[in-house]
Amino acid sequence: MKVFIDPPNSMVLFDLVERFGHEPLSSMAVIQEKIDNIEVDMPPMNVTLDDVVRGLKYAGVEVPSGIRGRMSLWGPMIEAADAAIIIDNAPFSFGCVGCDRSNELTKYLIHRRGIPALTVKYPTDEAEAKIMVGQIKDFLGGLKQ
Amino acid sequence: MSTIRIAQLSCGTEYSGVQFEIESAARAVGAKIVYPDVSYSQVKEALDRFGFKPKSTQLQLMIARAMSLADRKFEADAVFITTCFRCAEAALVRNELRRFIQENTRLPVVTYSFTERLKAAQLLTRMEALVTIVTRKELLARERQSGITAGIDSGSSTTKAVIMENNKIIGKDWTPSGAVVVETAEQVLANAMKEAGVEMKDIEAMGTTGYGRFTVGKHFNCKLIQEELTVNSKGAVWLANRQRGEATIIDIGGMDNKAITVRDGIPDNFTMGGICAGASGRFLQMTANRLKIDIQDLGAMAVKGNWANAKMNSYCSVFGIQDLVTSLGEGKKFEDVAAAACHSVAEQVYEQQLQEIDVRHPIIEVGGTSLISGLVKAVGEVLGEEPIVPPHSQYIGAVGGALLSSGFL
């Protein structure tokens, strides 16, 4: 199943989803696609004006362009996801999109879709980390293929 | 008739000094602003249910109030959702709450982002439309015109008149609006009556809308004097023969634009104006003047051009014309420049206005600018769907006025 991860660029979550037999929907994949396969030159991530305009599907023109640009990447993945895993209060070293408004909207869009979603707190020690991984493993294991 | 209760869901109105203006606008149309009561504990519960957890606590309160309306814990007739202009978090919450209210209630809703310069007059048409939708449900449900009635649309750019008899248009006329709205209205009405072969004594009822509606309505003793959002919607669905089901009506006017979603011909959400002249019919008129062609010929010329060949990305009529002059100076083809002007208007309407509503299908494009084929093509390209342009699409207001006024017979 397609599992959206939040933060969308978390390598740890990406690895866990893949390891437990599902397809992670992450920013790495979508940005790699834009860099490798699309003939535009808008470094570093090839996010173009057209992308930002497409982001209007998720947030109105009054919402700053950075949020709309981000949502043009995450939004279609949330729409395609069968499930989602959200890490609450993660430090930015764990994965971060750099914008709290984008985070709020991302979480809301997941909620609105009504797909199975697991929200877990970021662990502060090893014991909590093991619990978190256990929760994610159980959640992913419970998803029907 | 009891006072119409408009539930206000807002953030920042008190500290922006505009709350008084909002309440004045509501009072002016016989309505009252009310605030759904919620307890502190309900706020947390509402946030968990809604799924959007803004950092601003007044936005949290907005969500709890919306939940209270959806759960029928608080009675209201309509909803006004408003937040500060340029607050990103508020803009996100405002739009999602608008969608939530529409999905969970049958209440008409309007959204608005304000600055500290908001005056009651800017809200009057919106508030009036909310009140009309609530108080005139039966009249708005009318699908057939009966008897002999007239409709006058006293618009900012043009004035239109239509005579209808037994659900058919039998006379019509339009002309650019003059300085004295009554004189222009008399002129188009006389021409429409001449075409219809009727006299004033034959007209059983008259309805009027548009900017000059109060003056025109008083002069002709109209039975119906109503804002253009509801009247134009009725005219549009009647002309397009889409009276049942859902639709989106786009009316790019001479001075402001309207985007209205309707269900069975009755609006339940709309946005209006509030954007630059560069996104209105006025900009196309300026473009036609610069190209020294008639506005009627601009559309056909634009259809033959490619907008991508001429740079036109200023969101302002003044700088837009500068872009146009630059393109012409570079020797671009007139067709490409005309297409770029149409594309620019369509793009701006999409980016700045259609984000405040959820576009429903089909899309019906109306108003005088719908006769500019290049603009219709551009709207279709931007929206990814060809709009329906009904016959006599410039007469929506007048047709709506004639149709609805027959409800008073």
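Residues numbered from 1 in each chain as written. Chains lettered and ligands numbered in written order. Predicted model: local features only at pLDDT ≥ 70, side-chain atom pairs only at ≥ 80, totals over all residues. Heavy atoms only, no water.

Undergrad: How should I be thinking about the overall build of chain B in this particular structure?
TA: Of the regular secondary structure elements, chain B holds 15 helices and 13 strands. The C-alpha atoms of chain B give a radius of gyration of 22 Å, which matches the 22 Å a tight globule of 409 residues would have. If you line up chain B on its principal axes, its C-alpha atoms span 65 × 60 × 35 Å. A sequence separation of at least 24 residues applies to 69% of the contacts in chain B between residues at least 6 apart. For chain B, the computed accessible surface area is about 16700 Å², with 50% contributed by carbon and sulfur atoms. Of note, chain B has its 44 positive side-chain charges centred 2 Å away from the centre of its 46 negative side-chain charges. (Helix = DSSP H or I, 4+ residues; strand = E, 2+ residues; numbered from the N terminus. Rg over C-alpha atoms; globule rule 2.2 N^0.38 Å. Contact = heavy atoms within 4.5 Å. Areas by Shrake-Rupley, 256 points an atom, 1.4 Å probe, with all protein chains shown as cover. Lys, Arg positive; Asp, Glu negative; His and termini not counted. Charge placed at Lys NZ, Arg CZ, Asp CG, Glu CD.)

Undergrad: I would appreciate a short explanation of the packing of helix H7 (residues 181-196) of chain B against helix H8 (residues 213-220) of chain B in the present structure.
TA: Axes are the key here: two packed helices are described by the angle between their axes and the distance separating the axes. All names here are of chain B. At a minimum axis separation of 9 Å, H7 and H8 run at an interaxial angle of 60 degrees. Between H7 and H8, the interaxial angle falls into the category oblique. Relative to H8, H7 is oriented so that their crossing is right-handed. Mapping the contact onto sequence places Val 181, Val 182, Ala 185, Glu 186 and Leu 189 in H7 and Thr 215, Val 216, His 219 and Phe 220 in H8. Looking at side-chain class alone, the contact of H7 with H8 contains six nonpolar, two polar and one charged residues. (Axes fitted to C-alpha atoms, helices over the stretch in contact; angles between N-to-C directions. Parallel < 35°, antiparallel > 145°, perpendicular 65-115°, else oblique. Left-handed = near helix turned anticlockwise from the far one by under 90°. Nonpolar A, V, L, I, M, F, W, Y, C, P; charged D, E, K, R; others polar.)

Undergrad: Would you take a moment to explain the interface of chain A and chain B for this structure?
TA: Taken together, the contact between chain A and chain B spans 19 residues of the former and 24 residues of the latter. Roughly 1700 Å² of surface becomes buried between chain A and chain B when both sides are summed, with 57% attributable to carbon and sulfur atoms. Per-residue buried area on chain A facing chain B is highest for Glu 62, Glu 104 and Tyr 108 of chain A; these three make up 38% of the total on that side. The shortest N-O distance in the salt bridge between Glu 62 of chain A and Arg 94 of chain B comes to 3.1 Å. Applying the counting criterion to the chain A and chain B interface returns 10 residue pairs in polar contact (both at pLDDT 80 or more). The dominant element in the side of chain A that touches chain B, judged by the number of residues it contributes, is helix H5 (residues 100-113) of chain A, at eight residues. (Buried area = accessible area lost by both parts, 1.4 Å probe. Salt bridge = Lys/Arg side-chain N within 4 Å of Asp/Glu carboxyl O. Polar contact = N/O pair within 3.5 Å; in protein donor to acceptor, adjacent residues only side chain to side chain.)

Undergrad: Where do I start with the sheet that holds strand S5 (residues 148-154) of chain B in this structure?
TA: In a beta sheet, neighbouring strands pair by backbone hydrogen bonds and run either parallel or antiparallel. Residue and element names in this part refer to chain B. Taking strand neighbours across the sheet as the criterion, the five strands line up as S7-S6-S5-S8-S9 in an open arrangement whose pairing is mixed. Two strands close off the open sheet at either side, each with one partner strand: strand S7 (168-176) and strand S9 (224-225). Contacts from H7 reach S5, strand S6 (158-165), S7 and strand S8 (205-209) within the one sheet, and its direction differs from that of S7 by about 145 degrees. (Pairing = 2+ DSSP bridges.)

Undergrad: Mind showing me how you'd approach empty space enclosed by the protein here?
TA: Residue and element names in this part refer to chain B. Counted under the stated rule, the structure contains three cavities of 30 Å³ or more. Along the walls of the largest cavity sit Val 38, Gln 42, Glu 45, Ala 46, Arg 49, Ala 64, Met 67, Ser 68, Asp 71 and Lys 73, which together make up its complete lining. Those elements that place two or more of their residues in the lining of the largest cavity are helix H2 (40-50) and helix H3 (57-70). Among the elements that line the lining of the largest cavity, the one with the most residues is H2, at four residues. (1 Å grid on protein atoms, 1.4 Å probe; cavity = no way out; pocket = protein on both sides within 12 Å on 5 of 7 lines; lining within 4 Å. Points joined across faces, edges and corners; volume = space filled by probe spheres on them.)

Undergrad: Help me out: how do you make sense of the pattern of salt bridges in this one?
TA: All names here are of chain B. Counted under the stated rule, the structure contains 33 salt bridges over all chains. Ionic pairing is found between Arg 99 and Asp 358, a salt bridge with its closest N-O pair at 2.9 Å. You can see Arg 99 sitting in helix H4 (residues 88-104) and its partner Asp 358 sitting in the loop between helix H13 (334-352) and strand S13 (363-366), a full 259 residues away along the chain. Relative accessible area serves as the criterion here: at 11%, Arg 99 is assigned to the buried category. (Buried < 20%, exposed > 50% of the residue type's maximum accessible area, 1.4 Å probe, protein only.)

Undergrad: What's the story with unusual backbone geometry in this structure? I'm lost.
TA: For residues besides glycine, phi is generally negative; the peptide bonds are generally trans as well. Cis geometry marks the peptide bond from Asp 6 of chain A to Pro 7 of chain A; its omega dihedral reads 10 degrees. Considering the arrangement of structural elements, one finds Pro 7 of chain A in the loop between strand S1 (2-6) and helix H1 (11-19). The backbone of Asn 46 of chain A sits at a positive phi, close to 60 degrees, despite the residue not being glycine. Positionally, Asn 46 of chain A belongs in the loop between helix H2 (27-37) and helix H3 (49-54). Relative accessible area serves as the criterion here: at 7%, Asn 46 of chain A is assigned to the buried category. One non-glycine residue, Asn 167 of chain B, lies in positive phi territory at about 70 degrees. Mapping Asn 167 of chain B onto the fold places it in the loop between S6 and S7.

Undergrad: Any chance you could explain the domain arrangement of chain B here in plain terms?
TA: Many authors give the size of an interface as the accessible area that is lost as the parts come together. Residue and element names in this part refer to chain B. Looking at the assigned domains, one finds that chain B contains domain 1 (4-135) and domain 2 (140-230 + 396-408). If you average the C-alpha positions of domain 1 and of domain 2, the two centres end up 34 Å apart. The junction of domain 1 with domain 2 conceals about 530 Å² of combined surface from both sides, 68% of it contributed by carbon and sulfur atoms. When the area that domain 1 buries against domain 2 is broken down by residue, the three leading residues are Thr 125, Glu 128 and Thr 132, summing to 73%. Taken together, the connections running from domain 1 to domain 2 amount to one salt bridge. When the shortest N-O distance is used, the salt bridge between Arg 213 and Glu 128 registers 2.7 Å. Run the count over domain 1 and domain 2 and you get three residue pairs in polar contact (both at pLDDT 80 or more). (Domains from an automatic or database assignment.)

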